[in-house]
Amino acid sequence: MNKEEIIERINTFLSDEFEVDIETIEPEANLKDTLGLDSLDYVDLVVTVESNFGIKLGEADFVGIATFQNFYDMIENKIKSK
């Protein structure tokens, strides 16, 4: 799976799961603000990522994740190191 496929897949499930317009998901946009995440939503986000990509995420994985680009990069790195 290449980076573009990863990004497309992430954007699709984020748009569906958090009911946001896919057009608002931009690489430099703030992940938390755009998706309207609260602490419980992060649990949903982790479960969704794990089920879509077969990777495990922990709290430490989200340190420094502010933008969608940060999130894409983290997921891509997790997939590559799997």
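The structure presented is a predicted model; accordingly, all values stated were derived computationally and were not measured.

Asker: So what about the side chain of Glu 76? Which residues, and what values?
Answerer: Mapping Glu 76 onto the fold places it in helix 4 (residues 68–80). For Glu 76, the contacting residues outside a window of four places in its chain are Lys 3 and Ile 6.

Asker: Which residues make up the nonpolar core, and what values go with them?
Answerer: In this structure, Ile 10, Leu 14, Leu 45, Val 49, Phe 53, Phe 71 and Ile 75 are the most contacted members of the largest nonpolar core, which totals 25 residues. Where this core is concerned, the elements lending two or more residues are helix 1 (3–18), helix 2 (31–35), helix 3 (39–53) and helix 4. When residues of this core are assigned to their parent elements, the largest contribution, six residues, is made by helix 4. Aside from chain neighbours lying at most four places away, what touches Leu 45 is Leu 14, Phe 18, Leu 31, Leu 37, Phe 62 and Phe 71.

Asker: Outline the packing of helix 1 against helix 4, listing residues and values.
Answerer: Where helix 1 contacts helix 4, the two axes come as close as 10 Å, and the packing angle between them is 120°. Between helix 1 and helix 4, the angle falls in the class oblique. By crossing handedness, the relation of helix 1 to helix 4 is classed as right-handed. Contacts between helix 1 and helix 4 involve Lys 3, Ile 6, Ile 7, Ile 10, Asn 11 and Leu 14 from the first element and Phe 68, Gln 69, Phe 71, Tyr 72, Asp 73, Ile 75, Glu 76 and Ile 79 from the second. Here the contact of helix 1 with helix 4 is composed, by residue class, of nine nonpolar, two polar and three charged.

Asker: Give me the side chain of Thr 67: which residues, what numbers.
Answerer: With respect to the secondary-structure elements, Thr 67 resides in the loop between helix 3 and helix 4. The class for Thr 67 is buried, based on a relative accessible area of 15%.

Asker: Please provide a residue-by-residue account of the environment of Lys 56, values included.
Answerer: Along the chain, the position of Lys 56 falls in the loop between helix 3 and helix 4. Spatially, the C-alpha atom of Lys 56 lies 21 Å from that of Leu 35, the residues being 21 residues apart in sequence. Among all residues touching Lys 56, those that are not within four sequence positions of it are Glu 50, Asp 61 and Lys 78.

Asker: Provide a residue-level description of unusual backbone geometry, including the pertinent values.
Answerer: For Glu 19, which is not glycine, the phi dihedral falls at a positive 50°. Tracing the backbone through its elements, the reader meets Glu 19 in the loop between helix 1 and helix 2.

Asker: Pulling in residues and values, what's your account of the environment of Lys 32?
Answerer: Mapped onto the secondary structure, Lys 32 falls in helix 2. With relative accessibility at 44%, the residue Lys 32 sits in the partly exposed group. Taking the C-alpha atoms as reference points, Lys 32 and Phe 68, 36 residues apart in sequence, are found 9.1 Å from one another. If near-sequence neighbours (up to four positions away) are discounted, Lys 32 is found in contact with Leu 37, Tyr 42 and Ala 66.

The rules behind the values
Residues numbered from 1 in each chain as written. Predicted model: local features only at pLDDT ≥ 70, side-chain atom pairs only at ≥ 80, totals over all residues. Heavy atoms only, no water. Helix = DSSP H or I, 4+ residues; strand = E, 2+ residues; numbered from the N terminus. Contact = heavy atoms within 4.5 Å. Core = buried A, V, L, I, M, F, W, Y, C linked by side-chain atoms within 4.5 Å. Buried < 20%, exposed > 50% of the residue type's maximum accessible area, 1.4 Å probe, protein only. Axes fitted to C-alpha atoms, helices over the stretch in contact; angles between N-to-C directions. Parallel < 35°, antiparallel > 145°, perpendicular 65-115°, else oblique. Left-handed = near helix turned anticlockwise from the far one by under 90°. Nonpolar A, V, L, I, M, F, W, Y, C, P; charged D, E, K, R; others polar.

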